[in-house]
Every structure is written in structure tokens, then in C-alpha cells.
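A structural walkthrough
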Amino acid sequence: MVELSQKEKKRFSVVARINSANHAWRGIKILLSACHNMWGHIFFSLVAVYLGFILEISSYEWIAIVFAIALVVVTETLNTAIEIDMDLTSPDFHPYARDTKDVAAGGVLLAVVFAIIIGMIVFLPKIYPMLI
């Protein structure tokens with residue numbers, strides 16, 4: 001018979017779940033204070049949401065826009081976490097630390113490019129006729 005450890009025997013705790021959520025909110029606060037690029041992402045996200053309401057985009061278009069926004073925000077969050085970790089574990093210059101940070105930043109760049117493409121697919125057909 002396999003004996004369970006003390007940690008495995010613990011029952012579900014609402015207090016532990018609340019504390020866990022508090023840690024996540026603290027992480028978001030750190031993200032907003034440490035990552036200045038996030039404010040740019042938030043600005044353009046709000047522009048996209050505003051355009052979505054003004055141009056009355058469809059439900060499927062909303063799904064695409066929300067997915068694009070989420071992709072950029074999540075990749076920026078992971079990039080910031082990786083940068084914080086690299087600064088901690090490799091305070092002096094190391095080419096692998098630089099490569100790690102650059103690859104993570106490249107992931108954000110790719111997410112932004114795809115978000116721009118999604119925005120163009122959704123918004124250009126609605127804006128273009130207004131310009132002509």
C-alpha cells in the first residue's frame with residue numbers, strides 16, 4: 001500500500017485558493033510596473049475594442065480580436081517572467097541569458113505581428129469603404 005504524504009492528505013482549502021489568487025494579482029501588479037511595453041499593448045487593445053464596438057463586428061470577429069489580445073498579453077507576461085528570472089540567475093552578461101531573453105522577446109514580436117494581421121483582416125474591410 002502506498003502511503004500519501006502530508007501534502008497529499010491536505011483537503012481543499014478556500015483560504016489557500018484565495019491566497020493563490022492573491023499571488024497571481026501580485027504578479028499582474030509586478031507585470032504592470034516592470035514591463036513598460038504592457039501599457040502599449042493595453043492601449044492598442046482598448047483601441048481594438050473601441051473599434052469593435054463602433055464598427056459592430058460579428059461574434060466571430062470578436063473571438064478573433066479577443067484571442068489576438070490574449071495572445072499578446074500572455075506572451076508579454078511570459079517574456080517578463082523570463083526576463084526577471086534571467087536577471088536573477090545570470091546578473092552578469094552571458095550569451096545564453098541574452099539568447100533566452102531575445103527568443104522570449106521574439107515570441108512577443110510574433111504575437112504582435114499576428115495580432116496586427118488579425119486586426120487588419122477584421123477592421124480593414126469595414127474601414128476601407130468609409131475612406132472611399
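Residues numbered from 1 in each chain as written. Predicted model: local features only at pLDDT ≥ 70, side-chain atom pairs only at ≥ 80, totals over all residues. Heavy atoms only, no water.

Let's shift gears to a nonpolar patch on the surface. Together, L109, L110, V113, F114, I117 and I121 give the surface a local cluster of nonpolar side chains, amounting to about 590 Å² of exposed area. Relative to the elements of secondary structure, L110 occurs in helix α5 (residues 95-131). Its relative accessible area of 51% is what places L110 among the exposed residues. (Patch = residues over 30% accessible without salt bridge, like charges linked within 9 Å, V, L, I, M, F, W, Y side chains within 5 Å. Areas by Shrake-Rupley, 256 points an atom, 1.4 Å probe, with all protein chains shown as cover. Salt bridge = Lys/Arg side-chain N within 4 Å of Asp/Glu carboxyl O. Helix = DSSP H or I, 4+ residues; strand = E, 2+ residues; numbered from the N terminus. Buried < 20%, exposed > 50% of the residue type's maximum accessible area, 1.4 Å probe, protein only.)

In the contact formed by helix α4 (residues 59-89) and α5, the axes pass within 9 Å of each other and the chain directions differ by 165 degrees. Regarding the angle of α4 to α5, the classification is roughly antiparallel. As α4 runs across α5, the sense of the crossing is left-handed. Its residues assigned to classes, the contact of α4 with α5 shows 17 nonpolar, 5 polar and 6 charged. (Axes fitted to C-alpha atoms, helices over the stretch in contact; angles between N-to-C directions. Parallel < 35°, antiparallel > 145°, perpendicular 65-115°, else oblique. Left-handed = near helix turned anticlockwise from the far one by under 90°. Nonpolar A, V, L, I, M, F, W, Y, C, P; charged D, E, K, R; others polar.)

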